[in-house]
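Architecture at a glance
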Amino acid sequence: VIEVWDGEAQMQPAETTVDVDGKQVAAYAVSSGAELAWVAAKVNSRDPEVAGKSIELTADIDLGGHDWTPVGYTGVAGGHQDEGNLYNKFKLFTGSVIGNGHTIKNAVIDEGAYTARGLFAQVIGTKENPAVIKDVKVENITLKGEGKWAGALVGYVRDVKEISGCSAKNVVVESGNAWFTFACGGLIGFISNTDDITISKCEVDGVEFKGNHLWDNGGFIGKMFAVKNVTIKDCVIKGKMTAGMPLGGKTDANVDIYIGADGFQNTWFIGNITLNSQMNMTVTNVTDNSANFTLTDTFG
């Protein structure tokens, strides 16, 4: 029986080690909402006790539909052009996430504008020791608030070498009547300034973008910026997906199957790829869900 989190409780989890790319690293064995909330509070307050430690899920977690403050949430607002700089200054969660196939479900993330958000606001490794995100499932996640870099699992990813075996089901990105919401995705919001990343055996089932002036959002990933080598393989995007009509404009992204040719798009897969001339991207065995992706004029 899963213990449903009450929205307030915090409990220190047991310490353990996990294998990350052949190395044993310090981690917390998290088995409840209270334990995950403890880690989030410690990470977000920059407590040195948790600095650099990873998370291993050892049970399914039900967050009870309560408001959730993400792991690695900075509360620092950044403008549209801060992709390469803002989160280089505010690295809060720098570990890996090992899910062991467990599910985190039933949460509402309703934090301030222009900040990365998701169950994890950020996962940031280093060039020397890139992080990994493996076998984490999320379900029934609502992301609210104007701004950017939202994803049901992670809002902002940097120097992560592997995202594998992860899934998101029943995701709502809801900006209400805010002026814009961009670079948000069903699974991952924004992948930035990363040399090499492989995304494999991941799945998204059902994403709804609600609000006005939505752009650069994708059913799978919102945006990629200044990423050098990307491999996406054996991923499934399915279920109904809807988004508001994109703004006009043009970016330097030109991979038609992944984003619309005119840029500034909301699409079933990846909303926007910027600096794609620097990118070597390979995509194999990814389910085409474009037929189930609907654009709706929400400008009113």
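Residues numbered from 1 in each chain as written. Predicted model: local features only at pLDDT ≥ 70, side-chain atom pairs only at ≥ 80, totals over all residues. Heavy atoms only, no water.

Details of the pattern of salt bridges
For clarity, the cut-off: By definition, a salt bridge exists where a carboxyl oxygen of Asp or Glu is found within 4 Å of a side-chain nitrogen of Lys or Arg. Buried residues are those whose accessible area, probed at 1.4 Å on protein chains only, stays under 20% of the maximum for their type, while exposed residues exceed 50% and partly exposed ones sit between those limits. Where helices and strands are cited, they refer to DSSP runs of H or I of at least four residues and of E of at least two residues respectively, numbered from the N terminus.
Counted according to the given criterion, the structure contains eight salt bridges. Across the pair K42 and D47 runs a salt bridge, and its minimum N-O distance is 3.1 Å. Of the residues examined, K42 reaches a relative accessible area of 22% and is grouped as partly exposed. Between K238 and E203 there is a salt bridge, with the nearest N and O atoms lying 3.5 Å from each other. With K238 in strand β19 (residues 229-244) and E203 in strand β15 (residues 203-211), this pair connects stretches of sequence that are 35 residues apart. One continuous salt-bridge network, built from bridges that share partners, spans K127, D159, D195 and K228.

Observations regarding the pairing of strand β7 (residues 131-144)
Put simply, the rule is: What makes two strands pair is DSSP finding at least two bridges between them.
Here strand β5 (residues 97-110) runs beside β7; their pairing, made up of 10 bridges, is parallel. By the bridge assignment, I98 is partnered in β7 with K134. Here four bridges tie β7 to strand β10 (residues 160-164), and the two strands are oriented parallel to one another. Its bridge partner lying in β10, I133 is registered against I163.

Section: the packing of aromatic side chains
Rules: Ring pairs shown here join Phe, Tyr and Trp side chains whose ring centres sit within 6.5 Å, with only the six-membered ring taken for Trp; geometry is labelled stacked below 30 degrees between planes, edge-to-face above 60, and tilted in between.
Under the definition given, this model contains nine aromatic pairs. With a centroid separation of 5.4 Å and 70 degrees between ring planes, the pair formed by Y28 and W38 is classed as edge-to-face. Here Y28, found in strand β2 (residues 23-30), pairs with W38, found in helix α1 (residues 33-44); they are 10 residues apart in sequence, far enough to count as distant. Note on accessibility: Y28 and W38 belong to one class, buried. Ring centres of W268 and F269 lie 5.0 Å apart, and the angle between their planes is 15 degrees; this geometry places the pair in the stacked category. There is no split in this pair, since W268 and F269 are both buried.

Overview of the nonpolar core
Definition in use: For the purposes of this section, nonpolar cores are sets of buried Ala, Val, Leu, Ile, Met, Phe, Trp, Tyr and Cys residues that join through side-chain atoms within 4.5 Å. A contact between two residues is defined here by any heavy atoms of the two lying within 4.5 Å.
Core analysis: the biggest nonpolar cluster contains 70 residues, and W68, L119, F120, I133, I199, F220 and M224 have the highest contact counts within it. A per-element tally of this core places α1 first, with seven residues. When residues no more than four places from it in sequence are discounted, the contact partners of M224 are I191, I199, V230, I232, I270, N272, I273, T274 and M279. Counting residues in hydrophobic clusters, the runner-up holds 10 residues, among them I124, F182, A183 and F190.

Some remarks on α1
Convention followed: A helix is expected to span 1.5 Å multiplied by its residue count minus one.
With 12 residues, α1 ought to run about 16 Å at 1.5 Å a step, and its terminal C-alpha atoms sit 16 Å apart, in line with that. In terms of burial, α1 is a largely internal element, nine of the 12 residues being buried. Close packing links the buried residues of α1 with β2, β3 (54-57), β4 (61-67) and β5. With its phi angle positive at about 60 degrees, R46 sits one or two positions after the end of α1.

Observations concerning the sheet that holds strand β9 (residues 154-158)
What counts is decided by this rule: Structural elements are reduced to axes, namely lines fitted to C-alpha atoms, with helices fitted over the stretch in contact, and the angle between N-to-C directions of any two is expressed from 0 to 180 degrees.
One open sheet accounts for five strands, arranged β6-β9-β13-β18-β21; its pairing is parallel. Strands at the two margins of the open sheet, each flanked by one partner only, are β6 (120-124) and β21 (270-274). The average angle at which neighbouring strand axes cross in this sheet is 10 degrees, direction not considered. By the bridge criterion, four bridges tie strand β13 (residues 188-192) to strand β18 (residues 221-225) in an arrangement that is parallel. Bridge pairing in β18 links F190 to K223.

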